[in-house]
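Given next are the chains, with one letter for each unit.
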Amino acid sequence: MSDLANVYQLFRSKFENYDFQYYYPPTYIRMLTESNDKIIFAFKEKHISNGNNYLNQIKTSPQNGSISDSLNLTGSPLKDDVGNVDDLQVKDPDVLVRKSWTADEETYGPLDTAEARSILQNFINLDCKVGRGDIWTLCSGTDGDGTVLLQLAVNSDANDHRQFVRGVVRSTGMQECSSVTMAHLIDIHRQRADGMKFGQKIHIRQWYNLQPYITVRLSWHTIGENASFALERNAHVRLSQRFPVDGGAFSRNSRAEYFWQQLQRLAMMKDKILDIRANRTSGYMSDDIGNEGLNEVNLDYVKQKVNNILSTFITVEPKNFDFQNIAGMIDQVRLRSLTDVMERLYDALTLCSNYDDLKAAIDYIFHLSTHSNIVNVPTTGTRFAQLILAMIQDRLAIPSLTPSEPYELLLECGFAKLMNDYRMIFAECGIYELEFDKLFQSQPTNTRKSRYASTAAAPKSLGKESTTSKSSLFQPLETKLNRLAQVHLLLEHLLSLADTVNIPSIYGRVCEVYLAQRPLSYSEVYNRDTDLLELDVNEFQLIELVKKQVPFGRRVSMSSSNMLQKVETVFLQYAQPILPDCFFPESRQEAEEEFPSKRDKYWCYEYDKIERL
């Protein structure tokens, strides 16, 4: 755990010509060190245009007009500790690889290597008490060794004795994958650790692409001078899938598009409720919650449909699902015949094209419940169903709804229907049992009074008891929206995994890990472009899937030591440069001139860390 706040202030006061940041490390340092502790980072701030960046070839989804255009409900319930992936580069026509750095990191300009060394040495010479942590400087790579990063790890013991560990990262250019051998890496390390005892234990990590967005990382240890890159059967497997949400554009190519649109409809209704309560006219505007293409349906049609639902015996056979695959089950649930009265009423009421029609249709339902022979009695526990049932049982007069309540009643039914749809998909697939009560309770509760408390007052009439609740009977809306967005993106992840990996034994584990994460707030979810699923799996079939592939990335670490010091070397080979190439254009140009075809080539880096014992 780093503690360098005082050192950070010292750097800013002593070295005013440079920029410093005390924050989590850039992606390339995390890739080398596999640590996310805060660091002091020295650089020269640059302001560049993304338009000239070599990697700014973006593959985007077509923009078609639909309900999903009006909302950007995206997000990741998992922390993205690989960095943002806003840009996807076209490496080959059918293969996408992501940048190894974030857009913000393109503003970190390198220092001259001699300047960087001077800063670190001057700090060592200062007689000051220091904390614990790492200091890194970004270097230009123009020296003879191709130095791109320098590190100074500092530590103070209880007696204020200072200890330092030095690190240096060199860029060694581009090499053919086949030319990188374990024997060659061991030789390089032995030269750096001349006269030391070789540690024998070598840690290897290799990354493979199953498809543009699905990655398998294999990790294992090997021992001895004759070690190789041959895959170990007992390798630790980590599966990652970065799903390109792209502002909801994914839904137009998804089998689950219908459910995504239902979720967006609920978000719109929630916004309408807030607008109405804030006395904004936008809450009463039309044409944004109706079924697409059916906004021309008039109120009389809706009333007739409602009357049939409540007052006509209709034989509706329950759906017998036939599970073959996840995509097929999604289609079956989407096309199922609605048997629940409130689901059928919800389906009818969403045909209303404006607020006035919706309120009139609900009033009509209340009128039928009070004065007609209702044969299909609601059974679900929504507030809307309870009101209808109370009027059928002659316990309640027709209530007078507050302005926002028509949408509140409809919204609660919509939540219940969508939750039932998702629950049915997961259960019938045999993947996972969705327990929404637990999912909704797992988030911190807002102790303030609910903004969504009902303020309706039902007048007493003819001695009948008024039972319209003055407080909402449903959970806070944001919590439900967050969780349902998470469940939907989980479903999209499962669809993609079923198409590519097709190992059903991992699906339950995927659900457990994904839903165990606290979802982002709806506003955070709303603005993201990608969603990350990442988990450890114990599945040898994944190793078999990548056995014959060339890894797109590899990290190899080994160490040697004697009585005085220890030298650790990390070799990183990656299909793309790990540092922003806009600051190293000469290196990029030279490498591409030497290797005009980039297929099966690695950008190679060497990270030496020297510690005195």
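The structure presented is a predicted model; accordingly, all values stated were derived computationally and were not measured. (Residues numbered from 1 in each chain as written. Predicted model: local features only at pLDDT ≥ 70, side-chain atom pairs only at ≥ 80, totals over all residues. Heavy atoms only, no water.)

Attention now moves to the overall build of the protein chain. Counting secondary structure elements, the protein chain contains 17 helices and 16 strands. Taken over 613 residues, the protein chain has a buried fraction of 53%. A separation of at least 24 residues holds for 73% of the contacts in the protein chain among residues at least 6 apart in sequence. Carbon and sulfur atoms provide 45% of the accessible area of the protein chain, an area that totals close to 28600 Å². (Helix = DSSP H or I, 4+ residues; strand = E, 2+ residues; numbered from the N terminus. Buried < 20%, exposed > 50% of the residue type's maximum accessible area, 1.4 Å probe, protein only. Contact = heavy atoms within 4.5 Å. Areas by Shrake-Rupley, 256 points an atom, 1.4 Å probe, with all protein chains shown as cover.)

This paragraph deals with the packing of aromatic side chains. Counted under the stated rule, the structure contains 19 aromatic pairs. Relative to Tyr22, the ring of Tyr8 has its centre 6.0 Å away and its plane inclined at 35 degrees; by these criteria the two rings are tilted. Pair noted here: Tyr8 is in helix 1 (residues 5–14) and Tyr22 is in strand 1 (residues 19–23), with a separation of 14 residues, a long-range link. An aromatic cluster of three or more residues is present, and its members are Phe11, Phe15, Phe20 and Phe123. (Phe/Tyr/Trp six-rings, centres within 6.5 Å; stacked < 30°, edge-to-face > 60°.)

Right, let's get into the pairing of strand 12 (residues 236–244). Across a regular strand the side chains alternate sides, sitting on one face of the sheet and then on the other. The element strand 12 is largely enclosed, with a buried count of seven among its nine residues. As paired elements, strand 11 (residues 214–223) and strand 12 share six bridges and run antiparallel to each other. Within the sheet, the bridge partner assigned to Thr215 lies in strand 12 and is Ser240. One ladder, built from eight bridges, connects strand 12 with strand 13 (residues 530–537); its direction is antiparallel. Residue pairing for strand 13: Gln241 is matched across the bridge by Leu533. (Pairing = 2+ DSSP bridges.)

Attention now goes to helix 6 (residues 299–311). Three- or four-residue spacings in an α-helix give side chains the same orientation, since the helix completes a turn every 3.6 residues. Between its first and last C-alpha atoms helix 6 spans 18 Å; for 13 residues at 1.5 Å apiece the expected length is 18 Å, and the two agree. For helix 6, every residue scored as buried is listed here: Leu299, Val302, Val306, Ile309 and Leu310. The arc that holds every buried residue of helix 6, seen down its axis, measures 85 degrees, which confines them to one face. Buried residues along helix 6 sit in contact with helix 8 (341–349) and helix 9 (355–371). Sitting at the head of helix 6, Asn298 places a side-chain oxygen 3.3 Å from the backbone nitrogen of Asp300. (Expected span 1.5 Å × (residues − 1). Arc of directions from axis to C-beta. Polar contact = N/O pair within 3.5 Å; in protein donor to acceptor, adjacent residues only side chain to side chain.)

Relative to the 18 Å expected for 13 residues at 1.5 Å per residue, helix 3 (residues 113–125) spans 18 Å between its end C-alpha atoms, a close match to the ideal helical length. Buried within helix 3 we find Thr113, Ala116, Ile119, Leu120, Phe123 and Ile124. Buried positions in helix 3, seen along its axis, are confined to an arc of 135 degrees and lie on one side of it. Set apart from the buried face of helix 3 by more than 90 degrees, the exposed residues are Ala114 and Asn125. Those residues of helix 3 hidden inside the fold are in contact with helix 1, strand 6 (133–138), strand 7 (147–156) and strand 8 (162–176). If you check the start of helix 3, you find a side-chain oxygen 3.0 Å away from the backbone N of Ala114, and it comes from Asp112.

Quick look at the state of the cysteines now. All told, the structure shown has zero disulfides when counted by the stated rule. This cysteine, Cys604, is not joined by any disulfide, and Cys177 carries the nearest cysteine sulfur, 8.2 Å off. Accessibility expressed as a relative area gives 6% for Cys604, which makes it buried. (Disulfide = S-S within 2.5 Å.)

This part covers the pattern of salt bridges. Any two side chains of opposite charge can pair if their charged atoms end up close together. A full pass over the atoms with the stated rule returns 23 salt bridges. Here Glu478 ties to Lys270 by a salt bridge, and the two come within 3.0 Å at their closest N and O atoms. Here Glu478 is found in helix 13 (residues 477–500), whereas its partner Lys270 is found in helix 5 (residues 257–277), with 208 residues between them in sequence. Here Glu478 falls in the partly exposed class, since its relative accessible area comes to 29%. Arg383 is paired through a salt bridge with Glu405; the nearest N and O atoms lie 2.8 Å apart. Separated by 22 residues along the polypeptide, Arg383 in helix 10 (residues 383–392) and Glu405 in helix 11 (residues 405–429) bring together distant segments of the chain. A single burial state applies to Arg383 and to Glu405, both of which are buried. Salt bridges sharing common partners tie together Arg170, Arg192, Glu606 and Asp608. (Salt bridge = Lys/Arg side-chain N within 4 Å of Asp/Glu carboxyl O.)

This part covers unusual backbone geometry. In this model, Glu34 sits at a positive phi of 55 degrees, which is unusual for a non-glycine residue. Structurally, Glu34 is set in the loop between helix 2 (27–33) and strand 2 (39–45). A relative accessible area of 37% places Glu34 in the partly exposed class. Here Asp394, not a glycine, exhibits a phi torsion of approximately 65 degrees, which is positive.

We now examine the confidence of the model for the protein chain. Taken residue by residue, the protein chain gives an average pLDDT of 82. The fraction at 70 or more is 81%. Within the model, pLDDT remains below 50 along residues 445–474, and this stretch shows 65 contacts once partners closer than five positions in the same chain are excluded. (pLDDT = per-residue confidence, 0-100.)

This next bit is on the side chain of Ser557. Within the fold, Ser557 resides in strand 14 (residues 553–561). Given the relative accessible area of 10%, Ser557 is considered buried. If sequence neighbours within four positions are ignored, Ser557 has contacts with Lys201, Ile202, His203, Glu568, Thr569 and Val570.

Next up on the list: the pairing of strand 15 (residues 565–574). In terms of residue burial, strand 15 counts as a mostly covered element, since seven of its ten residues are buried. What sits between the antiparallel neighbours strand 14 and strand 15 is a turn of three residues. Two strands pair when backbone bridges link them, and strand 15 and strand 16 (residues 601–612) are joined in this way by ten bridges, in the antiparallel orientation. The partner of Lys566 across the bridge, within strand 16, is Glu611.

Looking at the element boundaries, Leu477 is found in helix 13. A sequence separation of 65 residues divides Leu477 from Glu412, and the C-alpha atoms of the two residues are 9.1 Å apart.

Take Asp3: it is sitting in the segment before helix 1. Given the relative accessible area of 52%, Asp3 is considered exposed. Here the alpha-carbon distance between Asp3 and Ile39, two residues 36 residues apart in the chain, equals 8.8 Å. In contact with Asp3, other than residues within four places in its own chain, are Tyr22, Gly131 and Arg132.

Let's shift gears to the side chain of Lys601. Within the secondary structure layout, Lys601 lies in strand 16. Here Lys601 is buried and forms no salt bridge, its nearest opposite-charge partner Glu176 lying at an N-O distance of 4.7 Å. In this view, Lys601 contacts Met174, Gln175, Glu176, Cys177, Tyr574, Ala575 and Phe595; residues no more than four positions away in its chain are not counted. (Lys, Arg positive; Asp, Glu negative; His and termini not counted.)

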